[in-house]
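Summary of structural features
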Amino acid sequence: MELIAMCRLVLFISIAAAANVNAAYARTPHAADSLAYLVNEYNGISYEVRLVCDSAGVPGYYHARIFTPVCDDDVCKPVYIDLYWDLLGSYLRYTVPLNEPLTKMDHEEFKREEYAKLHEILADSNSLLKDYEMEELVESATKTSPGEVDAVTGATAKSLQAVVIPGALYTCYTLWHIAHGRVVDTIAKITDSLVDPPLLLHFLESRNHRYQYFALDKVMDNQGNVEPDYRELVINLIRSPNVFLAAHVLKRLSPTYFSGEERQNWLWETFLGGSYRLKLGILDKMEQLPLTNALRTRLATDKGNFNEVIAERIEHLLNRQS
């Protein structure tokens, strides 16, 4: 079944989460089991991750309600938390229940700024936390007093100060490894298995560059040919405000799409309004084309309007194809 059709069939009725991550606990009713997937995480906990769609049936994000201990003694309270990921497995946000606030050592509750700090920590997919085992970060609780539990060891203290909350190392470490753990591959596989034309169009039209790159890999072959239903949308990405995406699409596209006069006129207009990086990319693409007389005339007429590098590239282009 197509992904959007499936979402419409088993649509979640999603309760909007409050802006403050500690202000509300998103009690999202569960959908049918066909959209629930079991994740067995690195630390032995298991939970279900579920696909959430909007009122039109368009997939929006993945959600999991998680209960986990964050250390192996009674100094730390267990964590109740909802985690959210985008459709390719990137962490988005979290919420916690009002009656189960996050705590630090000795059950001291998180402050407002510490909730914000935790979001920053979880949003960093390249955090230093990924490079350590828990045993490397803390002294054993059996060898220290309660006030020292959760203390960062001297060897790593300076480098980790920016990526943990004082008194909540266990919590930061555990939640980061869940948010960036096995669920990421699980989500990627789910989305990949349920790809359909409406979802690919949604991805291409989004401003999420990861979605766009994902969709491009699905609709383009190794020779730069694009499936007909997506062709115009892909070509128009050359005018994307994301200069890296625009350059990527331009480089990958088959030169055959720019062989006619209408398309070469479009390419020239894009050149005039594009960034310096894009101008160079368009000149590279023109090297692969039999230029129309109209484009050759424009290049010859306007080459003096550009800097020396661009002017020399245009001159070389005209001489090569004369």
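Located above this text is the structure these notes cover.
Residues numbered from 1 in each chain as written. Predicted model: local features only at pLDDT ≥ 70, side-chain atom pairs only at ≥ 80, totals over all residues. Heavy atoms only, no water.

**Section: the overall build of the protein chain**
Each helix and strand in the protein chain was counted, giving 14 helices and five strands. When burial is assessed residue by residue, the protein chain has 47% of its 322 residues classed as buried. Here the contacts in the protein chain between residues at least 6 apart in sequence split such that 61% fall between residues at least 24 apart. Looking at the protein chain as shown, the accessible area adds up to about 16,000 Å², and 51% of this sits on carbon and sulfur atoms. (Helix = DSSP H or I, 4+ residues; strand = E, 2+ residues; numbered from the N terminus. Buried < 20%, exposed > 50% of the residue type's maximum accessible area, 1.4 Å probe, protein only. Contact = heavy atoms within 4.5 Å. Areas by Shrake-Rupley, 256 points an atom, 1.4 Å probe, with all protein chains shown as cover.)

**Here's the deal with the nonpolar core**
Leu 83, Trp 85, Tyr 94, Val 234, Leu 253 and Met 286 are the most contacted members of the largest nonpolar core, which has 86 residues in total. Sequence-distant contacts of Leu 83, that is, excluding residues within four places in its chain, are made with Tyr 62, His 63, Ala 64, Ile 66, Tyr 91, Arg 93, Tyr 94, Leu 122, Ile 178 and Ala 179. (Core = buried A, V, L, I, M, F, W, Y, C linked by side-chain atoms within 4.5 Å.)

**Some words on the pattern of salt bridges**
For the structure on display, the rule yields twelve salt bridges. Notably, a salt bridge pairs Glu 114 with Lys 104, separated by 2.8 Å at the nearest N-O pair. Here Glu 114 is found in helix α2 (residues 112-123), whereas its partner Lys 104 is found in the loop between β5 (91-95) and α2, with ten residues between them in sequence. Assigned by exposure class, Glu 114 and Lys 104 land together as buried. Here the salt bridges do not stand alone but share partners, grouping Lys 104, Glu 108 and Glu 114 into one network. (Salt bridge = Lys/Arg side-chain N within 4 Å of Asp/Glu carboxyl O.)

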